[in-house]
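Spelled out, the chains give:
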Amino acid sequence: MPAGLDEKMRELVKTIDRYSAEPGQLIGILREAQDIFGYLPEKVQTCIAWRMSIPVSEVNGVVTFYSFFDTRPKGRRLLNVCMGTACYVKGAQAIFDAFKSHLGIDEGETTADGLFTLKSTRCIGACGLAPVVVDGTEVHGRFTAGGVSELLGQKRTGDHAAGGAGGRE
Amino acid sequence: MQVSRIDDLKKVKEQYLPLVGSRLGHDGGSGLAQVMVCSGTACASSESRVLLQELAAQIAGRGLQERVRVLKTGCFGFCQQGPVVMVHPGGVFYCRVKKEDIEKLVGKHLAEGQVVEELLYHEPGSGRKAGKINEIHFFQAQRRIVLRNCGVINPEDINEYIARDGYLALGEILENRRSRQEVIDIVSRSGLRGRGGAGFPTGRKWELAATQENTPKYVLCNADEGDPGAFMDRSILEGDPHGVLEAMAVAGYCIGANQGYIYVRAEYPIAVERLQIALKQAKEMGLLGKSLFGSGFDFDVALRFGAGAFVCGEETALLQSVMGGRGEPRPRPPYPVQEGLWGKPTVINNVETFANIPVILREGWEWYSGQGTATSKGSKVFSLAGKINNTGLIEVPMGTTLRTIIFDIGGGIPGGQRFKAVQTGGPSGGCIPAEHLDRPIDYDSLREIGSMMGSGGMIVMDESDCMVDIARFYLEFTQDESCGRCTPCRVGTRRMLEIFQKITGGQAGMEDLDLLAELSRDVRDASLCGLGQTAPNPVLSTMRYFYDEYVAHVRDKVCPAGVCRDLLTYTVDKEKCVACGLCAKACAVGALTGEPKKPYQIDPEKCVRCAACLAKCPKEAIRRSSRVAAPVVE
């Protein structure tokens, strides 16, 4: 694990240096940093600030301003319920509530077993398929609240099986 | 190939025109069939990627590779019928194509030249089959200017854009040494107004920037389409990215800028990818970079990514974000054309505005200004969504009525429901009731009736939508997106939202409605930027047109549309229930109990009104009703 972390840090520093010639690239760097680490913990923010010679507060200010950046690790499956207007008028709220009560977590939280993170997203632009739920990168169109337990059930058994077979830890 | 003269463009056009022309109905007799697979976000979400793979496999399996070419294309706009596949020559339009259908499509149409009848679009009502795209009413009723290349060209191939006279306008200006002022005059006379929402005259903006002496200057394209339910800009970028690049170079020439930036939403991965490809190809061909068309004019474009903040649609906030900072607005003046990126003059235009420029320059301002209304020229792209049959993207001349858009092109309201309102302009706009359906719409007429053009999102609502809840929904959005810089917006929208929570929770009094209206006006008048100034619009417009619904919530504690959860109850219809138990399985809080052969029951204390049971019940035995009016304590 520590070796992996070092590797990631080296990649981060390389990324920062690659951008250093252009002005105003903090958001670009943070995007790539989030790709590398999955989220933006304090350590990563400090590293970016140090390498760019700017105050940590400035980095943190940007990280907390934009909804795209996460400061907490995400679960293995990211469930995004589209809350654009088109999805909303077609019942997205009921779907979102069903996910919340089934998973026992609130928006932006991750289940204790680290499997699911639940988020709502602004319009993904697939309004023709409303209401839409995005599971990882897979888009489920014309979704209903009734489909929630099914989707979660599949994923849970699927993931447990995969985790078991892989012999993690 | 390098393009350094107009003649080079012509050579590319000659080479690619037969291919592209065959898609427009000019059969070159090449004997080549072309299969266009819509690869916009909506169709890609509904598996057009799988179709592409399957097509390639089937075509190879039958040895048709020599005669058939499969291409990705941008959004056709008929998202409701996606995934869409078109076959040329002939312009045969197949809709809702599934993986299993590909075998037939290849075997019958491509191998034997016979149209696959069952995959054609049926006009609702008449049931008439539309064999070709131009026989479909949805397309017949539109006038595509900005979207003219979407669905026609492969957006990942610059040569196809050139075959449609792409980069010709830029080349003509640079090679013939037209003066900046001459070009700005054309844009001004065309009457083009900014498509981002506010409608500022584009030519005037360019002129203001051109007269600034401070250098360097910048051109900035706003592709941070933040309105939920709007996807015009995304579709243009996905379907015709070079049109925007060409227009940015023209703008750069006019104002004297050598660098452009496109600020694009990170949530639009396909648009970002297409832009990256387009930039790479344009640079390789010398259509971006040093000394374009040998004129000595340099222009380059780079991408900057939005990271999910609605306030960045406000131009001064957008500038901060492009420079990598927190997207907080600042007071104007100075305007961005005076002090923009890094304190230098900057022209900011929206994607759709830029997409109009090449057409105006090629066809002339006289032609362009001949369309639309007295104060709003040209056409407008709208995205239709919500309770409407033909969800998708349309383009109509300015001044078209809402009735034409919603009932004729949009195909009306599904499920026999009645039209209640259409919301235009997203969280900054308002709800328009049925009485204004026959109004020709442009920037000014929409403002008169309490809404706004916005970027062009239209959400249609029917009788089952609660207007109070819709206003609350938008306010929750703007409240969440308020950047916190100024107090009226930061605190005002919060207080307004609290009043809404009281109203939808059945705890408000009539005096709260007066307070809400007063607060709305204060937030509108006192906020620093467009976000706060327009945030009360959904509230004010719904109070103006649907005040009776507010009264029902407050005085009678009833939600007439049956949406506001705290005012609803769920019960099981004992006659219909077959005791299958599916509802109990769907319920996450264990509110449903029962036993075999006996009707199930809902415990109102446990029920969280999530409606999961309602969605799951196969017999429609779960009933939702407005709560019985509680006695009002005066």
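Note that the coordinates shown come from a computational prediction; the quantities given were computed from them, not determined experimentally.

Asks: So, the pattern of salt bridges: which residues are in play, and what are the values?
Replies: Under the criterion given, the structure shown has 45 salt bridges over all chains. Between Asp 17 of chain A and Arg 51 of chain A there is a salt bridge whose closest N-O contact spans 2.7 Å. You can see Asp 17 of chain A sitting in helix α1 (residues 2-19) and its partner Arg 51 of chain A sitting in helix α3 (residues 42-52), a full 34 residues away along the chain. Assessed through its relative accessible area of 34%, Asp 17 of chain A is described here as partly exposed. A salt bridge links Glu 172 of chain B to Arg 178 of chain B, with the shortest nitrogen-to-oxygen separation between them at 2.8 Å. Put simply, Asp 70, Lys 74 and Lys 119 of chain A are held in one network by salt bridges that share partners.

Asks: Break down the interface of chain A and chain B for me, with residues and values.
Replies: At the interface, 41 residues of chain A touch 57 residues of chain B. Both sides of the chain A and chain B interface together cover about 3900 Å² of buried area, and 58% of this is carbon and sulfur. The largest share of the area that chain A buries against chain B comes from Phe 65, Thr 85 and Arg 122 of chain A, three residues that together contribute 17% of it. One can count five salt bridges joining chain A with chain B. The closest approach of N and O atoms between Arg 304 of chain B and Glu 22 of chain A, which form a salt bridge, is 3.2 Å. Of all elements in the fold, only α2 (26-37), α4 (56-65), α5 (85-89) and α6 (92-103) of chain A reach the threshold of two or more residues within the side of chain A that touches chain B. Here the side of chain A that touches chain B gets five residues from one element, more than from any other, and that element is α6 of chain A. Per-class residue counts for the side of chain A that touches chain B are 21 nonpolar, 13 polar and seven charged.

Asks: Can you tell me about the sheet that holds strand β3 (residues 85-88) of chain B, naming the residues and giving the values?
Replies: All names here are of chain B. With respect to topology, four strands assemble into an open sheet ordered β2-β1-β3-β4, the strand pairing being mixed. For this open sheet the edge positions go to β2 (68-73) and β4 (92-94), each flanked by a neighbour on one side alone. Going from strand to strand, the sheet's axes swing by 20° on average, the running direction of each strand aside. The pairing of strand β1 (residues 33-38) with β3 spans four bridges and is antiparallel. When the bridges of β3 are listed, Val 37 appears paired with Val 85. On the sheet, helix α4 (residues 102-112) packs against β1, β2, β3 and β4 and is oriented at approximately 20° with respect to β3.

Asks: Please set out unusual backbone geometry residue by residue, giving values where relevant.
Replies: All names here are of chain B. Cis geometry is found at the peptide bond from Gly 82 to Pro 83, where omega equals -5°. For Pro 83, the position within the fold is in the loop between β2 and β3. Along the chain, Pro 333 connects to Pro 334 via a cis peptide bond; the corresponding omega equals 0°. Mapped onto the fold, Pro 334 is located in the loop between α13 (315-322) and β10 (346-350). Positive phi, close to 65°, is recorded for Tyr 167, a residue that is not glycine. If you trace the backbone, Tyr 167 turns up in the loop between α6 (158-163) and α7 (168-175). In this model, Ser 291 sits at a positive phi of 40°, which is unusual for a non-glycine residue.

Cut-off values and rules
- Residues numbered from 1 in each chain as written.
- Chains lettered and ligands numbered in written order.
- Predicted model: local features only at pLDDT ≥ 70, side-chain atom pairs only at ≥ 80, totals over all residues.
- Heavy atoms only, no water.
- Salt bridge = Lys/Arg side-chain N within 4 Å of Asp/Glu carboxyl O.
- Helix = DSSP H or I, 4+ residues; strand = E, 2+ residues; numbered from the N terminus.
- Buried < 20%, exposed > 50% of the residue type's maximum accessible area, 1.4 Å probe, protein only.
- Contact = heavy atoms within 4.5 Å.
- Buried area = accessible area lost by both parts, 1.4 Å probe.
- Nonpolar A, V, L, I, M, F, W, Y, C, P; charged D, E, K, R; others polar.
- Pairing = 2+ DSSP bridges.
- Axes fitted to C-alpha atoms, helices over the stretch in contact; angles between N-to-C directions.

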